[in-house]
Amino acid sequence: MSKKAIITGITGQDGAYLAALLLAKGYAVYGIYRRVSTPNFWRLRALGIEEHAALTLIETDITDSSAVFALIESIEPDEIYNLAAQSFVPSSFTQPLATMHTNALGALHLLEAIRICNPKIRFYQASTSEMFGNTGSPTQNEQSPFCPCSPYATSKLYAHWLTINYAQSYQLFACSGILFNHESPLRGIEFVTRKITDSVAKISLGKIECLELGNLYAKRDWGFAKEYVEGMWQMLQYDTPETFVLATGKSYSIKEFVEYCFTLAKIPIAWENSGAREIARDERGIVRVRINPKYYRPSDVDCLIGDASKARKLLGWNPSCDLQQLCKLMLESDMQHNLRS
Ligand code: NAP
Ligand code: G4F
């Protein structure tokens, strides 16, 4: 009989890629989405799995503990992947309580339901490199100290420790993947990589003149989401519940990502000024990038570089997509979208 997996956050970037992976492996997948005024299954459609016979979509808000309990009791899954979250860091500053409800209490509801209904269910928690914050250590691995710098990171740290605590206290197979930033053509448009690729595509097609950004000097370790969901699955197939970091080990600034994209689009740019007055002009002198301080955050994580040696050694996880390939993939996809619309 095929294994049953629940994925919370099925309408998000990782939810869609993970669903495609598990369906390809023969799982029956139960995808959890919350009610919105207009259904948002476009990512499932883009991957060609929206109508898959083994995919069942179920409306449940993970902040509703009784609904979560009823869901797990009725489906009797083998595995649960908790990907649902308010995942946009700036919104966590303006909506800290809503962020905490979903990210922290959502995980609690799932773990409690597993503990009570069936402690044999394997549980994956989507932890994040944001939990490291500005730790001061040059690279981050499973032993690095946490120093969260946003309500988002704090809410995720609660869920992270709770997962470890439930594994230890109740002998659950509950584990966390601490994933560094991972992107794709299915990334939400407000995250910086997709915002850049979409804007550069629009500039290239003459649809907009200029891209507005915040902190150009933050550095991130960016990988390809499709390769990261493979690691999530591998964690739940491992012998024991363990925390694993998934990352590429290379870090680039936002400014470097911008430069790669303009180079790929064959629009040479040159930078002028500094601070909030920094701009980039093209060869005709048109300003193509400018700073808008509204994109600055109350506090930001300066530099993230992950060390995924443990996942490489114990899981055999080995991502191959580098930043240049990722930029190309995303820019080409955004060029196609913008040509069509
Ligand atoms: P995403 O695209 O923002 O997707 C988040 C998903 O959570 C969406 O399906 C969203 O539904 C759903 N959701 C939000 N609140 C919910 C609620 N109350 N009940 C049920 N579902 C709810 O995020 P992602 O990039 O795929 O990331 C997946 C997970 O990994 C998140 O937990 C994120 O925090 C974590 N993570 C991501 C990264 C990264 O770089 N992508 C790195 C580390 C960790 P709607 O579509 O209705 O909004
Ligand atoms: O793309 P971002 O919004 O991603 P951020 O904050 O690193 O968070 C993402 O990765 C985390 C893993 O580390 C996930 F847990 C989280 O859910 C999410 O997926 O911003 C990246 C950097 C920041 O330093 C930000 O200040 O880009 C900088 N930035 C500069 N201008 C901008 C902008 N970010 C956004 N979103 N928009 C800008 O205009």
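Nothing here was measured: the structure is a model prediction, and the numbers come from that model.

Rules and cut-offs
- Residues numbered from 1 in each chain as written.
- Chains lettered and ligands numbered in written order.
- Predicted model: local features only at pLDDT ≥ 70, side-chain atom pairs only at ≥ 80, totals over all residues.
- Heavy atoms only, no water.
- Buried < 20%, exposed > 50% of the residue type's maximum accessible area, 1.4 Å probe, protein only.
- Helix = DSSP H or I, 4+ residues; strand = E, 2+ residues; numbered from the N terminus.
- Expected span 1.5 Å × (residues − 1).
- Polar contact = N/O pair within 3.5 Å; in protein donor to acceptor, adjacent residues only side chain to side chain.
- Contact = heavy atoms within 4.5 Å.
- Near = heavy atom within 4 Å.
- Areas by Shrake-Rupley, 256 points an atom, 1.4 Å probe, with all protein chains shown as cover.

Turning our eyes to something else, we now look at unusual backbone geometry. The backbone of Glu76 sits at a positive phi, close to 50°, despite the residue not being glycine. What makes Glu76 exposed here is its relative accessible area of 57%. Its identity is not glycine, yet Lys266 carries a phi of approximately 60°, on the positive side. Checked against the element boundaries, Lys266 lands in the loop between α9 (254–264) and β13 (269–272). Of the residues examined, Lys266 reaches a relative accessible area of 73% and is grouped as exposed.

On to helix α8 (residues 225–237), then. Note: α-helices contain 3.6 residues per turn, so residues at a spacing of three or four share the same orientation. Taking 1.5 Å per residue, 13 residues should reach 18 Å; α8 reaches 19 Å between its end C-alpha atoms and fits that length. Of all 13 residues in α8, 10 are buried; the element is thus mostly enclosed. Buried residues of α8: Ala225, Glu227, Tyr228, Val229, Gly231, Met232, Trp233, Gln234, Met235 and Leu236, and no others.

Quick look at the side chain of Gln234 now. Here Gln234 lies in helix α8. Gln234 gets classed as buried once you look at its relative accessible area, which sits at 16%. At 3.3 Å, the side chain of Gln234 and the backbone oxygen of Leu315 are in polar contact. Those residues in contact with Gln234 that sit more than four places away from it in its chain are Leu315, Gly316 and Trp317.

Our focus in this paragraph is the site of ligand 2. Inspection of the region around ligand 2 gives 24 residues, with Thr128, Ser129, Tyr152, Arg297 and Asp300 positioned closest. At 2.7 Å, a backbone N or O of Ser87 approaches an oxygen atom of ligand 2. In this structure, an oxygen atom belonging to ligand 2 sits 2.6 Å away from a side-chain N or O atom of Asp300. Alone, ligand 2 offers 710 Å² of accessible surface; in the complex the protein occludes 95% of this. Contributing elements (two or more residues each) for the shell around ligand 2: α7 (192–204) and β8 (211–213).

What follows covers the side chain of Glu79. With respect to the secondary-structure elements, Glu79 resides in strand β4 (residues 79–82). A polar contact is formed between the side chain of Glu79 and the side chain of Gln237, at a distance of 3.2 Å. Look past the residues within four positions of Glu79 in its chain and what remains in contact with it is Lys3, Lys4, Ala5, Ile6, Tyr27, Ile121, Arg122, Trp233, Leu236 and Gln237.

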